[in-house]
Amino acid sequence: MNQAESSIQSLSLGPMQAEGVLSLGPASARPDGAPARPDAAALLDERDEWLAFSQPVTGAQGERWASSVAFEGMHCAACAGTIEQTLRAVPGVLEAEVSAAGQRGRVVWDERLTRPSRWMSALQGTGYRALPAHDPLAGEQRQADTRRMLWRLGVAGLCMMQVMMYAAPAYFTAPGEIEPDIIHLLRWAQWVLSLPVLLFSCQPFLRGAWRDVRRRQVSMDLPVALGMGITFVVSSLGTFEPEGLFGHEVYFDSLTMFVFFLLGGRWLELRLRDRAAGALEALMHRLPDSVERRGADGQWTRVVVRRVRVGDVLRVLPGEGFPADGELTAGATTVDEALLTGESRPVPRAVGDAVIAGSHNLSEAVQMRVRQVGAQTRYAQVVALMQQAAVSKPPIAQLADRLAKPFLIVVLLAAGAACAWWWPQDPAHALMIAVAILVVTCPCALSLATPAAMLASAGALARRGILTRRLQAIEVLAAVDTVVFDKTGTLTRDAFALRQLTLRSGVTREQALALAAALARHSLHPVSRALVGAAQAADLRLPPARAVRETAGHGLQGEVEVAGQFRHVWLGSAAFCGGVTPSDAGPVSHLADEDGPIARFEFDEDLRADAPAAVAALRAAGLRVQLLSGDQVQAAQRIAALAGIDEALGGCSPGDKLRHLQALQGTGARIAMVGDGLNDGPGLAAAQVSFAFGQAVPLAQAQADFVVLGGQLTAIADARLQAVHTLTIVKQNLAWALVYNAAGVPLAMLGWMPAWAAGLGMAASSLLVVLNALRLSGARALEGV
């Protein structure tokens, strides 16, 4: 089987519902860059295939798609810049954003002008490879690359030790103590042992440099490969012509040492990056490849997840993942939902209970009926949010990426200038000084300083049920001094219970409840859900409703069929319904029509059990805590007192909340807003950083910087503490990267840093940054470590 055919067969089961995500790499390309097999490209160009790793762009009417892609062959910020430029040059690609730290990207494209295979194929000539982010082949390929790198590292290490053995006599003897013939023989031995290092271990750097030369671009591989080439050539000339210009010394030991250090550092860095992004990787591959489905004849047949449809009955065995959202129809089990809801303990599920895609069946075989599949599942929305965070770039990281290529050009010029300065004194020494400059300088540490820490922190938060939409929000959260809570569904529980119903004369309880639920079913507000739940519990038939509109923070209005005719009905606050007397009794919703009030619904509202502890933790951290609510002042103040909040404002419309936040910001306050993600849109957008809270909120609509999946308010305090530690790590990383580069270049130019030390310093610089960032990945980061 040739390489092109092998590439065509690299089909994989993506975690949403795709069974055939094709990986297009250099192996499947002709020299002119076109796909080797038209049918291979066509696989990715089918809508069902790109849906596995793409989401429609909001407001683009289904014509623009945002695809999540993983990249192979990336090593630095300059690599990310090259990939972005290449993709943006493809007609039909509107945006391309690539994260060097996460080695992932987001590509926005217009299906009228291009297809995934086209912009993926555009990378074939650059030496990089694009894979759908959901493709398990990406993980397999990464493991294969790691094994190859280990082989290269082992060869470099073995040869380095042997070369050092033959180079040692020259360091430990005085001039003239060893016969020239013996010295010449030792040099030849070093030359022979350096060949495997150059021809095998150095291949990643040499290929990358050749790619840069062909494309007239620059990445970290170019100066490193130049350094390796110069060192080998100078040492070879010293070996072949001992009496020549470069014959007084050879540097094979330096060559093998810094190749070994660079490969070792790159291998460890890749391993550490994978650990830092472990939460995303673990989440993206939680769906099974196949599942048992009951056929029309009652027989069970195993089918790929892609073929599952709404209404199907599936059998999920112990140890398998649930492939879709649905409800159990037979059996009882315990389920692991930790990565999806933040609930660390297994939860029991019985007949009639809901199960979510991506959760794992732990104990017994069960049957489920499918309610949501693919992109409509909560699992798919969680993955989309985490992918968005993985490719987002904080402003300081964007600056580092922009400076990466100019920095490397300056390095090349500095190496040339230093070589010219030292050349009259000793040409060989001048070239080795240039090599040291080429090798020691490292923009990677600077470009990784912020995103590596942010990614590690986002992964740690995700494991605690807190999704990060934008990485830069972590930096902003660390500087917050005021936290403003919404009340309903945030400080209080999502589930309300209808306590009392006051009716207009002549209207029955069933009529009022059915009328209200007909409007309420068009809203996700906790009060609306309570009304719909009460109507369902009473087994009421809901009348048709049309032209229903929701005014955030006020209520719903629309036309509902009453006695065969559609009448305009309002449901919401007293002011919204007009002519209704306000009530001071907790959460209240009013129902009215053109003739006036129809009914008043009063609900029981309970404070979340952990609200006082969460507020106390925030206040202990020196934060100011406030409560804003659309409910009456007395109800807001009652909940605030129970939670331990001193400042509470009631009767606030969304506009009132916005003006209050703006007034606080006018005094210099830096605000974190915690709301339900839907009715607090203006406030969430106005605050410096925002949390959408509540499990009932569709994640795609929760336009906030953080989304709290579980029901724990203490997650807000945890996230803030994590952000503070993250900012500390970022500052440490930036300080190290700046000090290292500021000190390394002058030392190399002065000739005080040998090439092997330069290689060690370059490898250690990036490695130290990633290691430091990895401190944020564990749970101990939240405890002050």
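Residues numbered from 1 in each chain as written. Predicted model: local features only at pLDDT ≥ 70, side-chain atom pairs only at ≥ 80, totals over all residues. Heavy atoms only, no water.

Caption draft 1: Geometry of the overall build of the chain. When helices and strands are counted, the chain shows 27 helices and 29 strands. A buried classification covers 54% of the 785 residues belonging to the chain. In the chain, once contacts between residues fewer than 6 apart in sequence are set aside, the share between residues at least 24 apart is 68%. When the accessible surface of the chain is split by element, carbon and sulfur atoms take 57% of a total near 32,300 Å². (Helix = DSSP H or I, 4+ residues; strand = E, 2+ residues; numbered from the N terminus. Buried < 20%, exposed > 50% of the residue type's maximum accessible area, 1.4 Å probe, protein only. Contact = heavy atoms within 4.5 Å. Areas by Shrake-Rupley, 256 points an atom, 1.4 Å probe, with all protein chains shown as cover.)

Caption draft 2: Here's a closer look at the nonpolar core. Residues V224, M228, F258, V259, L262, I437 and M762 are the most contacted members of the largest nonpolar core, which totals 56 residues. Counting residues per element, this core draws most heavily on helix α15 (residues 427–440), which supplies 12 residues. Counting residues in hydrophobic clusters, the runner-up holds 49 residues, among them L471, A611, L623 and A648. (Core = buried A, V, L, I, M, F, W, Y, C linked by side-chain atoms within 4.5 Å.)

Caption draft 3: Quick look at the sheet that holds strand β13 (residues 347–349). If you trace the 3 strands from one edge of the open sheet to the other, you get β13-β12-β15, paired in antiparallel fashion. The sheet terminates laterally at β13 and β15 (360–361), the two strands that pair on one side only. In this structure, strand β12 (residues 333–336) lies alongside β13, joined through 3 bridges in antiparallel fashion. Within the sheet, the bridge partner assigned to T333 lies in β13 and is R349. (Pairing = 2+ DSSP bridges.)

Caption draft 4: Main features of the confidence of the model for the chain. When the pLDDT values of the chain are averaged, the result is 79; 81% of them are 70 or greater. With pLDDT under 50 throughout, residues 1–41 is counted as low confidence; its partners more than four residues away or in other chains account for 96 contacts. Long-range and interchain partners of residues 779–785, a stretch whose pLDDT sits below 50, account for 11 contacts in this model, where long-range means more than four residues apart. (pLDDT = per-residue confidence, 0-100.)

Caption draft 5: Broad picture of the side chain of D486. Within the element layout of this structure, D486 appears in strand β18 (residues 482–486). Classification of D486 as buried rests on a relative accessible area of 5%. One polar contact links D486 to K657, side chain to side chain, over a distance of 3.1 Å. (Polar contact = N/O pair within 3.5 Å; in protein donor to acceptor, adjacent residues only side chain to side chain.)

Caption draft 6: Region of the structure containing the packing of aromatic side chains. Counted according to the given criterion, the structure contains 9 aromatic pairs. Between the aromatic rings of W188 and W191, the centroid separation amounts to 5.5 Å while the plane-to-plane angle is 75°, which identifies the pairing as edge-to-face. Placement of both W188 and W191 in helix α7 (residues 180–201) is noted, with a separation of 3 residues, approximately one turn of the helix. On the basis of an interplanar angle of 70° and a centroid distance of 6.3 Å, the ring pair of F246 and W423 is categorised as edge-to-face. Here F246 is found in the loop between α9 (221–240) and α10 (252–276), whereas its partner W423 is found in the loop between α14 (395–422) and α15, with 177 residues between them in sequence. On the basis of relative accessibility, which here comes to 37%, the residue W423 falls in the partly exposed class. Put simply, the rings of W188, W191 and F240 pair up and form one aromatic cluster. (Phe/Tyr/Trp six-rings, centres within 6.5 Å; stacked < 30°, edge-to-face > 60°.)

Caption draft 7: Expanded view of the pattern of salt bridges. Tallying each qualifying case throughout the model produces 20 salt bridges. Of the charged contacts in the structure, one is a salt bridge between D481 and R670, with a shortest N-O distance of 3.9 Å. Of this pair, D481 sits in the loop between α17 (472–478) and β18 while R670 is found in the loop between α24 (654–666) and β27 (671–675), placing the two residues 189 residues apart along the sequence. The exposure class of D481 is partly exposed, given its relative accessible area of 25%. R670 gets classed as partly exposed once you look at its relative accessible area, which sits at 40%. Across the pair R624 and E647 runs a salt bridge, and its minimum N-O distance is 2.8 Å. With R624 in strand β25 (residues 624–628) and E647 in strand β26 (residues 647–649), this pair connects stretches of sequence that are 23 residues apart. (Salt bridge = Lys/Arg side-chain N within 4 Å of Asp/Glu carboxyl O.)

Caption draft 8: Main features of helix α27 (residues 755–774). With 20 residues, α27 should reach 28 Å at 1.5 Å per residue; the first-to-last C-alpha distance of 29 Å fits that figure. For α27, the tally of buried residues reaches 14 of 20 residues, placing the bulk of the element in the interior. (Expected span 1.5 Å × (residues − 1).)

Caption draft 9: Molecular detail of unusual backbone geometry. Positive phi, close to 60°, is recorded for D539, a residue that is not glycine. Mapped onto the fold, D539 is located in the loop between α20 (526–537) and β20 (545–551). One non-glycine residue, A563, lies in the positive phi region at around 55°. Relative to the helices and strands, A563 is located in the loop between β21 (555–562) and β22 (565–572).

Caption draft 10: Broad picture of the sheet that holds strand β10 (residues 313–316). Pairing is antiparallel in the open sheet, where 6 strands are placed in the order β9-β8-β10-β16-β11-β14. Strands with a single pairing partner mark the edges of an open sheet, and in this sheet they are β9 (300–304) and β14 (354–355). Sheet topology places strand β8 (residues 290–294) next to β10; 2 bridges connect them, and they run antiparallel. Directly across from R293, in β10, lies its bridge partner L314.

Caption draft 11: The arrangement of the side chain of S589 in detail. In this fold, S589 is placed in strand β23 (residues 588–593). What S589 contacts, discounting residues up to four positions off in sequence, is V527, L571, G572, A599, R600, F601 and F603.

Caption draft 12: Representation of the packing of helix α19 (residues 509–520) against α20 within the structure. Relative orientation of the contacting elements α19 and α20 amounts to 130°, with a least axis distance of 8 Å. Between α19 and α20, the angle falls in the class oblique. Note that α19 runs across α20; the crossing there is left-handed. Where α19 abuts α20, its residues L513, A516, A517 and A520 lie against S528, L531, V532, A534 and A535. For the contact of α19 with α20, the class distribution of residues is 8 nonpolar, 1 polar and no charged. (Axes fitted to C-alpha atoms, helices over the stretch in contact; angles between N-to-C directions. Parallel < 35°, antiparallel > 145°, perpendicular 65-115°, else oblique. Left-handed = near helix turned anticlockwise from the far one by under 90°. Nonpolar A, V, L, I, M, F, W, Y, C, P; charged D, E, K, R; others polar.)

Caption draft 13: Layout of α24. The end-to-end C-alpha separation of α24 is 18 Å, in line with the 18 Å expected for 13 residues at 1.5 Å each. With its phi angle positive at about 95°, G668 sits one or two positions after the end of α24.

Caption draft 14: A look at the pairing of β20. As paired strands, β20 and β21 are joined by 5 bridges and run antiparallel to one another. Residue pairing for β21: T551 is matched across the bridge by G555. Between β20 and β21, which pair antiparallel and follow one another directly, the connecting turn spans 3 residues, one of which, G553, has a positive phi of 80°.

Caption draft 15: Spatial organisation of a nonpolar patch on the surface. On the surface, L747, L750 and W752 cluster together into a nonpolar patch covering about 330 Å² of accessible area. If you trace the backbone, L747 turns up in helix α26 (residues 714–749). Overall, L747 belongs to the partly exposed group, its relative accessible area being 32%. (Patch = residues over 30% accessible without salt bridge, like charges linked within 9 Å, V, L, I, M, F, W, Y side chains within 5 Å.)

Caption draft 16: How the structure looks around the environment of F232. The topology assignment puts F232 in helix α9. According to the relative accessible area criterion, F232 is buried, its value standing at 11%. In sequence terms F232 and S254 are 22 residues apart; their C-alpha atoms lie 9.7 Å from each other. Sequence-distant contacts of F232, that is, excluding residues within four places in its chain, are made with W191, S194, L195, L198, F252 and L255.

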